[in-house]
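Each chain, letter by letter, is given below.
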Amino acid sequence: MRRSRLADIVTLTVTVAGIVLFCAAPSHGQSYKVESDLHKALFKDSNYDTGVIPIVDSTKPLKVQLFLGMNYLLDIDEKQGMMTAALYPSLSWTDERLKWEPHDYENLMSISVLPEKLWMPDVQVFNSVGAASADTLHSPKVTVFSNGTLYHTFGLVSRTPCELNLISFPFDVNTCFIQFGSWSEPNRRIELELQDTTQSLAFYGRHPSWKLQNFTAQANDIIISDTETFTELSISVRVARKGSYYYRLFVAPAAVCMFVIPVIHFLPPSSNEKLTLGGLMLVVVAIMFEMAEDFFPAFSLGNVPLVLHYYTGLLIILFMSLLLSCLSVVIGTGESKSVRVPRILRICCIDRLGYICCAKGRTSRYDYELLHLERSLRSTAKRQSSREEDETELTEMTDVDSQEERDTAAQNHTTPNGTGENSDGMKEVLKTLINELQYARYKEQIKSEWLQLAMVIDRTGGLILLLLAIIVTSVITLHPKSW
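What counts and how
- Residues numbered from 1 in each chain as written.
- Predicted model: local features only at pLDDT ≥ 70, side-chain atom pairs only at ≥ 80, totals over all residues.
- Heavy atoms only, no water.
- Helix = DSSP H or I, 4+ residues; strand = E, 2+ residues; numbered from the N terminus.
- Expected span 1.5 Å × (residues − 1).
- Bend = angle between axes of the 7 residues up to and from the residue.
- Buried < 20%, exposed > 50% of the residue type's maximum accessible area, 1.4 Å probe, protein only.
- 1 Å grid on protein atoms, 1.4 Å probe; cavity = no way out; pocket = protein on both sides within 12 Å on 5 of 7 lines; lining within 4 Å.
- Points joined across faces, edges and corners; volume = space filled by probe spheres on them.
- Nonpolar A, V, L, I, M, F, W, Y, C, P; charged D, E, K, R; others polar.
- Phe/Tyr/Trp six-rings, centres within 6.5 Å; stacked < 30°, edge-to-face > 60°.
- Lys NZ or Arg CZ within 6 Å of the ring centre and 35° of its normal.
- Pairing = 2+ DSSP bridges.
- Patch = residues over 30% accessible without salt bridge, like charges linked within 9 Å, V, L, I, M, F, W, Y side chains within 5 Å.
- Areas by Shrake-Rupley, 256 points an atom, 1.4 Å probe, with all protein chains shown as cover.
- Salt bridge = Lys/Arg side-chain N within 4 Å of Asp/Glu carboxyl O.
- Disulfide = S-S within 2.5 Å.
- Lys, Arg positive; Asp, Glu negative; His and termini not counted.
- Charge placed at Lys NZ, Arg CZ, Asp CG, Glu CD.
- Core = buried A, V, L, I, M, F, W, Y, C linked by side-chain atoms within 4.5 Å.
- Axes fitted to C-alpha atoms, helices over the stretch in contact; angles between N-to-C directions.

## Points about unusual backbone geometry
Turning to step 1, where the next piece is worked out: Here the amide bond leading from F169 into P170 is cis, since omega sits at 10 degrees, within 30 degrees of zero.
Turning to step 2, where the next piece is worked out: Mapped onto the secondary structure, P170 falls in the loop between strand 8 (155-161) and strand 9 (173-182).
Turning to step 3, where the next piece is worked out: Even without glycine at this site, E106 takes up a positive phi of about 55 degrees.
Turning to step 4, where the next piece is worked out: The topology assignment puts E106 in the loop between strand 2 (82-94) and strand 3 (110-113).
Turning to step 5, where the next piece is worked out: Despite not being glycine, N107 has its phi angle at roughly 55 degrees, a positive value.

Right under this line is the structure:
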């Protein structure tokens with residue numbers, strides 16, 4: 001019984017409270033009517049003029065505050081020197097004509113109004129290239145508060161010039177500027193102010209190639225004439241390139257080519273691969289210059305990136321390498337040379353530099369074969385001569401058995417053993433063969449000397465080019481403005 005009465009009391013209390021709240025809450029129709037009445041009172045009844053600046057005191061300008069945020073750094077075009085960024089500027093000012101008492105309109109503190117119905121400050125991007133596109137999806141309306149303060153935040157994609165300093169590419173740091181201001185209203189009518197020198201990066205999205213280091217602003221006065229001064233709000237965007245990708249794309253191939261070129265000269269001078277590799281290096285360098293031409297703009301002499309200086313040094317070293325390769329091929333592969341290398345070159349290049357460059361020549365296999373054949377023929381001739389001497393001594397010691405044998409030997413001009421003219425002919429043949437082999441060895445020696453000279457010149461030039469490559473790379477790397 002008691003529980004039943006308690007339940008009835010609770011139910012009655014909840015019902016009464018609901019009826020009271022329902023009656024106290026304004027209906028949607030009343031809220032819409034209240035806001036419509038406020039719009040009518042602010043714009044129609046008061047004859048609001050959108051072309052008149054809301055200045056209360058003619059001796060004081062209207063203060064307009066700017067606060068800028070960045071959503072995304074869309075692109076930095078090195079070739080054209082342009083920066084494209086997605087921004088969201090916020091403007092705030094006071095319009096005394098748009099004040100109201102909130103208690104007269106059911107405590108309505110703010111309303112949203114289309115920009116076309118209001119006076120709007122003509123604050124735009126001064127240095128924009130082309131028309132800046134506004135993103136109306138962010139906030140196409142202006143928020144008006146009961147104290148007459150207006151806030152307008154909107155999205156903006158700006159494309160502004162940016163003077164890039166690419167000397168230390170690909171690890172360069174650049175500062176670009178976005179300049180805001182009024183085109184038509186001087187400082188005596190509109191006073192532009194920065195809400196904060198440090199702008200907002202709360203909604204900034206990271207860029208894959210650039211790192212945003214700083215995003216600040218400052219106000220500057222631009223004097224047009226003796227009586228007119230305009231305010232420029234300069235937004236500084238400091239960005240640093242993420243250079244690992246560009247280093248692998250532009251610098252690493254050049255460094256590899258720089259140190260591969262000297263190695264080519266340690267190949268034999270008669271190798272056909274020398275000129276082939278040199279031509280391949282020339283094609284690679286030409287492709288690298290083509291890539292640089294597509295990426296970089298035209299520079300004055302003092303602003304050329306160090307990587308392009310490195311390319312120039314690479315091209316000079318490659319040109320010297322090709323000349324050296326052609327010289328070594330001409331010296332080392334000529335078949336018509338009939339004189340030995342001059343004595344001074346043999347002493348200075350082959351004997352001294354040959355040890356330093358590990359190019360001291362060795363006797364070729366063909367020369368070994370000629371030497372072995374010559375020694376064999378000389379040994380054969382020596383044995384033949386020794387045999388004839390033995391037979392002559394034996395003939396002198398032995399009497400001829402009959403006069404008939406002596407007469408026959410005299411007629412045939414032979415010894416008793418039959419070694420007369422045949423022995424002399426064999427000597428002549430052996431002598432001729434030995435002379436021919438000596439001449440062949442002489443020609444082979446001439447060819448070997450010129451080949452050694454070509455190898456010494458080639459390897460010495462390769463060491464010099466390697467030293468130049470190290471010097472050029474060190475100078476570029478240790479440059480004060482290098483990466």
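Here the narrative resumes.
## With respect to helix 3 (residues 244-264)
Turning to step 1, where the next piece is worked out: In this model, helix 3 (21 residues) spans 29 Å end to end at C-alpha, consistent with the 30 Å of a helix rising 1.5 Å per residue.
Turning to step 2, where the next piece is worked out: Its axis deflected by about 35 degrees at V251, helix 3 carries its strongest bend there, up to four residues before the proline P253.
Turning to step 3, where the next piece is worked out: Taken residue by residue, helix 3 has Y246, F250, V251, A254, C257, M258, I261, P262 and I264 as its buried positions.

## Details of empty space enclosed by the protein
Turning to step 1, where the next piece is worked out: Tallying each qualifying case throughout the model produces one cavity of 30 Å³ or more.
Turning to step 2, where the next piece is worked out: In terms of lining, the largest cavity is formed by S182, E185, N187, I190, L192, F230 and T231.
Turning to step 3, where the next piece is worked out: For the lining of the largest cavity, the elements supplying multiple residues, two or more each, are strand 10 (190-194) and strand 12 (229-241).
Turning to step 4, where the next piece is worked out: Residues of the lining of the largest cavity, tallied by class, amount to three nonpolar, three polar and one charged.

## Topic: the packing of aromatic side chains
Turning to step 1, where the next piece is worked out: Across all of its chains, the model carries 15 aromatic pairs by this definition.
Turning to step 2, where the next piece is worked out: Aromatic pair F145 and Y151: ring centres 5.7 Å apart, planes at 90 degrees, arrangement edge-to-face.
Turning to step 3, where the next piece is worked out: On the accessibility criterion, F145 (29% relative accessible area) is partly exposed.
Turning to step 4, where the next piece is worked out: Ring plane angle 75 degrees and centroid distance 5.2 Å describe the contact between Y245 and Y246, whose orientation is recorded as edge-to-face.
Turning to step 5, where the next piece is worked out: The ring of Y246 carries the charged tip of R241 above its face, separated from the ring centre by 5.0 Å.

## Here we look at the pairing of strand 9
Turning to step 1, where the next piece is worked out: Relative to strand 9, strand 4 (residues 123-125) is paired through three bridges, and the arrangement is antiparallel. Within strand 9, the residue paired with V125 across the bridge is F180.
Turning to step 2, where the next piece is worked out: One ladder, built from nine bridges, connects strand 9 with strand 12; its direction is antiparallel. Across the sheet, I178 pairs through a bridge with I235, a residue of strand 12.

## Some words on a nonpolar patch on the surface
Turning to step 1, where the next piece is worked out: A grouping of Y245, L249, V283, I287 and M291 is seen on the molecular surface, where their side chains present a nonpolar patch of about 450 Å² in accessible area.
Turning to step 2, where the next piece is worked out: Secondary-structure elements contributing two or more residues to the nonpolar patch are helix 3 and helix 4 (273-295).
Turning to step 3, where the next piece is worked out: With three residues, the top contributor of residues to the nonpolar patch is helix 4.
Turning to step 4, where the next piece is worked out: As for its position among the elements, I287 is in helix 4.
Turning to step 5, where the next piece is worked out: Exposure remark for I287: the relative accessible area of 48% places this residue in the partly exposed category.

## Points about the state of the cysteines
Turning to step 1, where the next piece is worked out: According to the stated counting rule, one finds one disulfide in the structure shown.
Turning to step 2, where the next piece is worked out: Shown here is the disulfide that connects C162 with C176, its sulfur atoms set 1.7 Å apart. Note on the C162 and C176 pair: the S-S dihedral is about -65 degrees, so by sign convention the disulfide is left-handed. Pair noted here: C162 is in the loop between strand 8 and strand 9 and C176 is in strand 9, with a separation of 14 residues, a long-range link.

## Remarks on a positive patch on the surface
Turning to step 1, where the next piece is worked out: On the surface, a cluster of positive charge is made up of K40, K44, K117 and K141.
Turning to step 2, where the next piece is worked out: By the element assignment, K141 lies in the loop between strand 5 (133-135) and strand 6 (142-145).

## Describing the nonpolar core
Turning to step 1, where the next piece is worked out: Among the nonpolar cores identified, the biggest contains 78 residues, and L118, F180, F250 and F296 are the most heavily contacted of them.
Turning to step 2, where the next piece is worked out: Counting seven residues, the second-largest nonpolar core is a separate cluster that includes I350, I446, L453 and A454.

## Overview of helix 4
Turning to step 1, where the next piece is worked out: In a regular helix each residue adds 1.5 Å, so 23 residues correspond to 33 Å; helix 4 covers 33 Å between its end C-alpha atoms and thus fits that length.
Turning to step 2, where the next piece is worked out: Of the positions making up helix 4, those classed as buried are K274, G278, M281, V285, M288, A292 and F295.

## A word on the sheet that holds strand 9
Turning to step 1, where the next piece is worked out: In spatial order, the strands read 4-9-12-11; together these four strands make up an open sheet with antiparallel pairing. The open sheet has two edge strands with one neighbour each: strand 4 and strand 11 (210-223). Averaged over neighbouring strand pairs, the angle between their axes works out to 25 degrees when direction is ignored.

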